[in-house]
Amino acid sequence: MKTIGNRYVVVDLEATSTGSKAKIIQVGIVVIEDGKIVDHYTTDVNPHEPLDAHIKELTGLTDQRLAQAPDFSQVARKIFDLVEDGIFVAHNVQFDANLLAENLFFEGYELRNPRVDTVELAQVFFPELEKYSLPILCRELGIPLKHAHTALSDAQATAELLLFLRKKMAQLPKGLLERLLEMADALLYESYLVIEEIYRSQSILSSPDLVEVQGLYFKKTGAPLEPRKLSQDFSKNISLLNLEVREEQESFAKPRKLSQDFSKNISLLNLEVRERQESFAKEVGLLLKDEPVSLIQAPTGIGKTYGYLLPALSLAKEHQIVLSVPTKILQNQIMEEEGKRLKEVFHIDIHSLKGPHNYLKLDSFYRSLQENDENRLFRRFKMQLLVWLTETETGDLDEIGQLYRYQHFLTDLRHDGNLSSQSLFVTEDFWKRSQERAQTCKLLVTNHAYLVTRLEDNPEFV
């Protein structure tokens, strides 16, 4: 018989409601052994009561169809045989496990399986997401979910999600997995069993993409030892990588040159030229020729961000542009949308700078890891941060989804703008890195509140 650590039984139930009187109407089961899906099972179940309109619409099931389905008593033995010697896995496991256990109990079967919840695992290992419903996770991770709220389809998607999580865990250093296991009592269920399984099989070799400092793991940002010098010739760089040059790849890799013609720049961005936007951009261009610093206002809906950025960038030549916007929300939005596109197409060096309290202070976080905190939510947050540090390049806490849940704990973890020469993380300090990047980038994006503070401290900032 397989050891319990190698066998997962992924279950999804459709029911007449989510309340205490819910009755099962459909069961979907997917079995995973040794990291592979090896079995599927599904059945409708006759609830002996009519479905309400919402459940019919949600699941696609009908009273006529369920009237032909077996009673739960007729399929209970088959279901129990599938799940009895495995780890019970579900998305929001409490509902599925409790409902199935109750129904099996009435048929003489006792379900005592350890439980794994893919929701809480996803929260730890995908800390930047805002929501963790199955459809959203499937969309974000590229997992097929063809018929949501169909038991087998949801079970299949949950199984694929579990495999995705295992794969991500396997890419993390063994030392990090060990630390996560030390804090895994913060998890509500036995979800640590998945981490433990990967830990047991994990090599102690370090990850080539991460650097370890004082037991924390960071995404590498510096150049490797004895680097080959990047050439302006793309085909030469590809040859250094021992790869074959492809014509379409070479064409795509060439940075587009910013033109003085606004409509041409918009076309290079694969966007449509809008009359009001083009007119606005011309006015901005004329203004910036005479005034190096300007306050620009325009109505919404005309595409004003490109309307002022493209003329400014085409005129700036060797000068740095500082763009200040009213809110951090808008600052983040510009970096995620227009800034990202400008980087891709024109290879413009863009950096977002915020006040120090927006960044994680590594010394404070390191100290918090040494403390035996009893708050389960805080310990889970620390697990998320440990994973996030392997992915973030900025240390900007705004990258973390659902950050509002942890505001109480952030007071002692936010950066204060001071960095001691005795810090354990002088090289890795995110606030220091951000300050250094701000001095060298072509386009610096900030917000009014921080800009005013920075100008008070250093009038030569702009």
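Structure shown above.
Read on for a plain summary of the structure. (Residues numbered from 1 in each chain as written. Predicted model: local features only at pLDDT ≥ 70, side-chain atom pairs only at ≥ 80, totals over all residues. Heavy atoms only, no water.)

Looking at the sheet that holds strand β9 (residues 350-352)
- What the three strands build is an open sheet, ordered β8-β10-β9; its pairing is parallel. The open sheet is flanked by β8 (321-325) and β9, the only strands paired with a single partner. Ignoring strand direction, the axes of neighbouring strands in this sheet form an average angle of 20 degrees.
- Strand direction decides the pairing type here: β9 and strand β10 (residues 443-447), joined by three bridges, are parallel. Residue pairing in the sheet places I350 in a bridge with L443 of β10.
- Those strands touched by helix α15 (residues 328-346) are β8, β9 and β10, and its axis lies near 165 degrees from that of β9.
- Of the strands in this sheet, β9 and β10 are in contact with helix α19 (residues 430-440), which crosses β9 at around 140 degrees. (Pairing = 2+ DSSP bridges. Helix = DSSP H or I, 4+ residues; strand = E, 2+ residues; numbered from the N terminus. Axes fitted to C-alpha atoms, helices over the stretch in contact; angles between N-to-C directions. Contact = heavy atoms within 4.5 Å.)

Brief notes about the packing of aromatic side chains
- Following the criterion strictly, the structure yields ten aromatic pairs and no others.
- Look at F105 and F106: their rings are 6.0 Å apart centre to centre, the planes differ by 65 degrees, and that puts the pair in the edge-to-face class. A single burial state applies to F105 and to F106, both of which are exposed.
- Each member of the aromatic cluster is reached from another via a ring pair, and the members are F218, Y366, F425 and F430.
- Directly above the ring of Y199 sits K174, whose terminal nitrogen or CZ lies 4.8 Å from the centroid.
- Over the ring of F378 we find K382; its NZ or CZ atom is 4.5 Å from the centre of that ring. (Phe/Tyr/Trp six-rings, centres within 6.5 Å; stacked < 30°, edge-to-face > 60°. Buried < 20%, exposed > 50% of the residue type's maximum accessible area, 1.4 Å probe, protein only. Lys NZ or Arg CZ within 6 Å of the ring centre and 35° of its normal.)

Thoughts on helix α4 (residues 93-105)
- Its 13 residues give α4 an end-to-end C-alpha distance of 18 Å, which sits within 8% of 18 Å, the value for a rise of 1.5 Å per residue.
- Within α4, the full set of buried residues consists of V93, D96, A97, L99, L100, A101, N103 and L104.
- As for α4, its buried residues are in contact with β1 (7-15), β2 (24-33), α3 (72-83), β4 (87-90) and β5 (115-117). (Expected span 1.5 Å × (residues − 1).)

Some remarks on the pairing of β2
- Counting buried positions over the ten residues of β2 gives ten, a clear majority of the element.
- Between the antiparallel neighbours β2 and strand β3 (residues 36-44) lie two residues, among them D34 with a positive phi of about 50 degrees.

Brief notes about the environment of T453
- Looking at the secondary structure, you find T453 in helix α20 (residues 448-457).
- Judged by relative accessible area, which is 38%, T453 ranks as partly exposed.

A closer look at the pattern of salt bridges
- A complete count under the given rule lists 19 salt bridges for this structure.
- Note that D63 and K56 form a salt bridge whose closest N and O atoms lie 3.2 Å from each other.
- For K56, a relative accessible area of 33% translates into the label partly exposed.
- Within the structure, one salt-bridge network assembled from shared partners comprises R7, E33 and D85. (Salt bridge = Lys/Arg side-chain N within 4 Å of Asp/Glu carboxyl O.)

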